[in-house]
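# A closer look at the structure
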Amino acid sequence: MTISMSARDMLKTLVGFPTVSRDSNRALIDFVVDYLAGYGVEATVVPNESGSKASLYATIGPRTEGGVVLSGHTDVVPVDGQVWTSDPFTLTEREGRLFGRGAADMKGFIAIALALVPQMRAAKLTRPIHLAFTHDEEVGCLGAPHLIAEMVEALPRPRAVIVGEPTSLKVVTGHKGILVFETRVTGKSVHSSQIHRGVSATMVAARLVTFLEDMMLEAARKASHRSPFVPPYTTIHCGEIRGGTAHNIVASDCRFVTDIRGLPDEDARDYLARFEAHIRDEVEPRIRAIAPQAGIAVQVEANVPGFSPDPGSEAEHLARLLTGDNATHAVAYTTEAGQFQEAGYSVVVCGPGSIDQAHQADEYIDASQLDAGTDFIRRLIGHLE
């Protein structure tokens, strides 16, 4: 039994699944599998190791080369600590805006693709449309690599991948990568009046944070004014730090989390290697001379490649043809585009809504953007007939 839904109705359904990254997305994936099956489209589910989460891909049209992949992530960021004026998991319309967690980032694009499945099925496609929906993008693009590996093996080579992140339907042809790591400092606790006998984990951590900042400032001084990125250099940011118990106790433990958002022509691991060499050669010998048990451990939590501009690529040509956008756009945030590119696909990032509304209270997509995105995919269907 088929269920015909508008893009708005589909978005309402998808927002209603609270697919926060820390929780399962299987209910949403199961819905999509059943929905596609109603139109005779078989989806392949790609679960994570535990089976608690899953990605999927599906093909509509002939199994030939030259198709187009429509890619989106199903997970959303938490709403904890945010003050919403309406239920974040109930799509709510006010003054031409559709509010809900994930409305912009990026269930709007997925909703459009799913709502247009009946038109895709009815069209006389000569080249296929592939749907690719992932899990755990928001916590390090963890679901895409396994999904992409299976698609490379199972599907005829597509012409292009369109990653539908919110770009206001501008054609984005490059973005930075991201490397996330935690640094944990173990010191020696003593009374603060006898700090010479101890190692303050918080003070060591503070110096390490400034070392990271100094590397960023060095990169900023060398930045090219011709770079399309804002800012035009690799950024290094410490977003979280915790340690210590009281003002009069030398802290025995401190941890902080850093992200490096690297230009696509740089390897963020080079910055990490400099940081680790500084720890090994300069910091640890000093603190262990005071307390042999002191030390510093660095653990990488995510490493997602950047997306390098590829002027004149198949994907760029197609997206510009469908949107009419011929300007140059590069962004500082990270998507799964770099992972598709590493697998040899031609990729662009282009989708409805604005990144300005993502990850905040009262996230929304303009209804006009949802309509424009629908027209965009309809033009794609016509192009593939």
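A brief structural summary. Please read all numbers here as calculations on a predicted model, not as lab measurements.

### A word on the overall build of the protein chain
Scanning the protein chain for helices and strands turns up ten helices and 15 strands. Taking 385 residues into account, the globule formula puts the C-alpha radius of gyration at 21 Å, and the protein chain, at 23 Å, falls close to it. Residues counted as buried form 52% of the 385 residues belonging to the protein chain. Accessible surface, the protein chain: about 16,700 Å² in total, of which carbon and sulfur atoms supply 50%. Between the averaged position of the 35 positive side-chain charges in the protein chain and that of its 48 negative side-chain charges there is a distance of 2 Å.

### Regarding helix α2 (residues 26-37)
Counted at 1.5 Å a residue, the expected span for α2 with its twelve residues is 16 Å, and the 16 Å between its end C-alpha atoms agrees. For α2, every residue scored as buried is listed here: Leu28, Ile29, Phe31, Val32, Tyr35 and Leu36. Burial along α2 is one-sided: seen end-on, the buried residues are contained in an arc of 155 degrees. Check the buried side of α2 and you find it contacts α1 (7-15), β1 (43-47), β2 (54-60), α3 (103-115), α4 (117-122) and β6 (129-134).

### Remarks on the packing of aromatic side chains
For the structure shown, the criterion picks out seven aromatic pairs. Taken together, a centroid distance of 5.9 Å and an interplanar angle of 40 degrees make the contact between Phe17 and Phe31 tilted. Residue Phe17 is located in the loop between α1 and α2, and its partner Phe31 is located in helix α2; the two are separated by 14 residues in the primary sequence. Phe31 sits in the buried class, given a relative accessible area of 16%. Within the aromatic cluster, the residues linked to one another by ring pairs are Phe17, Phe31, Tyr35 and Tyr39. The aromatic ring of Phe99 is capped on one face by Arg94, whose charged end is 3.9 Å from the ring centroid. Arg157 extends its terminal NZ or CZ atom over the ring of Tyr345, reaching a point 4.4 Å from the ring centre.

### Describing unusual backbone geometry
Following Asp105, the chain continues into Met106 via a peptide bond in cis, with omega recorded as -10 degrees. With respect to the secondary-structure elements, Met106 resides in helix α3. Residues Val230 and Pro231 are joined by a peptide bond in cis, for which omega reads -5 degrees. Positionally, Pro231 belongs in the loop between α6 (201-221) and β10 (235-243). At Glu95, a residue that is not glycine, the phi angle is positive and equals roughly 50 degrees. For Glu95, the location among the structural elements is in the loop between β4 (92-94) and β5 (97-99).

### Quick look at the nonpolar core
General note: in soluble globular proteins, nonpolar side chains tend to be found buried as a group. Core analysis: the biggest nonpolar cluster contains 59 residues, and Met10, Leu36, Leu70, Leu114, Met120, Leu131 and Ile377 have the highest contact counts within it. The element best represented in this core is α3, accounting for nine residues. Leave out the neighbours within four places in its chain, and Leu70 touches Phe109, Ala113, Met120, Ile129, His130, Leu131, Ala132, Phe133, Ile162, Ile377 and Leu380. Counting residues in each nonpolar core, the second largest holds 28 residues, with Leu208, Met216, Ile260 and Tyr271 among its members.

### Considering the sheet that holds strand β15 (residues 364-366)
Overall, antiparallel pairing links the three strands, which are arranged β4-β5-β15 in an open sheet. Looking along the sheet, the strands with just one partner apiece sit at the ends: β4 and β15. Put simply, the sheet's adjacent strands are angled 25 degrees from each other on average, direction ignored. Alignment of β4 against β5, held across three bridges, turns out to be antiparallel. By the bridge assignment, Glu93 is partnered in β5 with Leu98.

### A closer look at the pairing of β1
With five bridges connecting them, β1 and β2 associate as antiparallel partners. Note on β2: the bridge partner recorded for Ala43 is Ala58. Here β1 folds back onto β2 in antiparallel fashion, the turn holding six residues, of which Gly51 has a positive phi close to 80 degrees.

Rules behind the numbers
- Residues numbered from 1 in each chain as written.
- Predicted model: local features only at pLDDT ≥ 70, side-chain atom pairs only at ≥ 80, totals over all residues.
- Heavy atoms only, no water.
- Helix = DSSP H or I, 4+ residues; strand = E, 2+ residues; numbered from the N terminus.
- Rg over C-alpha atoms; globule rule 2.2 N^0.38 Å.
- Buried < 20%, exposed > 50% of the residue type's maximum accessible area, 1.4 Å probe, protein only.
- Areas by Shrake-Rupley, 256 points an atom, 1.4 Å probe, with all protein chains shown as cover.
- Lys, Arg positive; Asp, Glu negative; His and termini not counted.
- Charge placed at Lys NZ, Arg CZ, Asp CG, Glu CD.
- Expected span 1.5 Å × (residues − 1).
- Arc of directions from axis to C-beta.
- Contact = heavy atoms within 4.5 Å.
- Phe/Tyr/Trp six-rings, centres within 6.5 Å; stacked < 30°, edge-to-face > 60°.
- Lys NZ or Arg CZ within 6 Å of the ring centre and 35° of its normal.
- Core = buried A, V, L, I, M, F, W, Y, C linked by side-chain atoms within 4.5 Å.
- Pairing = 2+ DSSP bridges.
- Axes fitted to C-alpha atoms, helices over the stretch in contact; angles between N-to-C directions.

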